[in-house]
Every structure is written in C-alpha cells, then in structure tokens.
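Overview (structure and organization)
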Amino acid sequence: MAKAIVSKHYQRILNQWPVDLLRPEVSFQKSLQKRIDTQLKPSPPPDQNNVKSNEAQATVPTPIPFDEKGELEQVNVLYSFLENRYQKKVGLSMVDDLDIVGIS
C-alpha cells in the first residue's frame, strides 16, 4: 500500500517536471522513471536462474528494502523544487542573480 502511494506521488512529479531546454540529452524524467521502475514496482519472485555465482559459492542478489519514510522525504524535496519554495522563501529573482555576478 505504501509503495502505491509513493509511486503516485512520483508519477505526479514526473508529469509536472519541466523539460530542460538547455540540456535535452540529460533527462531528469528518465532518471526518475528508472527509479520508479526499479524501486517501486513489485519485484518478481526469486528465480533459480537469477543466481550469480563465482567459483566459491552461489548467491542470490538481495533486494533493497523499501524505506517509506525516506521515500516520502525525497518526494517532499521534489515537490519543494516543483513549487519553487526556496525562491519564494529567499525572495531571489533572475535579475537579482545576474546583478550579483556582475551581468546587467
């Protein structure tokens, strides 16, 4: 249930995230989608063919446990970027930033 809620938040963020026109080859959306696919989708039951082995022993990869609190904290940070909370809190604008670095 918790994974479904976190997944819905990530999907909402993914749909609202702006496209970077300056760097179209670097897509935050693709990175976020990969995270959703690997961390939040139900994992298939362990398969005997999915065994990594070396000459000493065979081991099955251990899945990363789901951390609901940590995921919700990350979702909150992404929402804060989407909603521009930091710019609103500090009160900076693009013009102010350009004046600071000496561009007018």
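The preceding data block contains the structure.
So, here is what we can say about the structure in this document. Predicted, not measured: the structure shown is a model, and the values here were computed from it. (Residues numbered from 1 in each chain as written. Predicted model: local features only at pLDDT ≥ 70, side-chain atom pairs only at ≥ 80, totals over all residues. Heavy atoms only, no water.)

1. Quick look at the overall build of the protein chain
Cut-off, in case you're wondering: The way it works is that DSSP assigns letters per residue, a run of H or I at least four long becomes a helix, a run of E at least two long becomes a strand, and they are numbered from the N terminus. Think of it in three bands: residues with accessible area under 20% of the maximum for their type are buried, residues over 50% are exposed, and the middle band is partly exposed, with areas taken using a 1.4 Å probe on protein chains only. In this analysis, two residues are considered to be in contact whenever any of their non-hydrogen atoms come within 4.5 Å of each other.
Within the protein chain one finds five helices and two strands. Starting at the N terminus and ending at the C terminus, the protein chain contains elements arranged as α-α-β-β-α-α-α. Residues counted as buried form 16% of the 104 residues belonging to the protein chain. Within the protein chain, contacts between residues separated by at least 24 positions form 65% of all contacts whose residues are at least 6 apart in sequence.

2. Considerations on the environment of Pro65
In this structure, Pro65 sits in the loop between β2 (58-59) and α3 (68-82). Along the primary structure Pro65 and Gln39 are separated by 26 residues, whereas in three dimensions their C-alpha atoms are 8.9 Å apart.

3. As for the packing of helix α1 (residues 2-16) against α3
Going by this rule: For every element, the axis is a line fit to its C-alpha atoms; helices are fit only across the contacting stretch, and the angle between N-to-C directions ranges from 0 to 180 degrees. Geometric relationships in this document are graded by angle, where less than 35 degrees denotes roughly parallel, more than 145 denotes roughly antiparallel, 65 to 115 denotes roughly perpendicular, and other angles denote oblique. Each crossing gets its handedness from the near helix: less than a right angle anticlockwise from the far helix is left-handed, clockwise is right-handed. Amino acids are sorted into nonpolar (Ala, Val, Leu, Ile, Met, Phe, Trp, Tyr, Cys and Pro), charged (Asp, Glu, Lys and Arg) and polar (every other residue, Gly among them).
Where α1 contacts α3, the axes come no closer than 10 Å and their chain directions differ by 20°. With respect to each other, α1 and α3 are oriented roughly parallel. Between α1 and α3 lies a crossing of left-handed hand. The segment α1 lies against α3, with Ala2, Val6, His9, Tyr10, Arg12, Ile13 and Gln16 engaging Glu68, Glu71, Leu72, Gln74, Val75, Leu78, Tyr79 and Leu82. Of the residues belonging to the contact of α1 with α3, the class tally is nine nonpolar, three polar and three charged.

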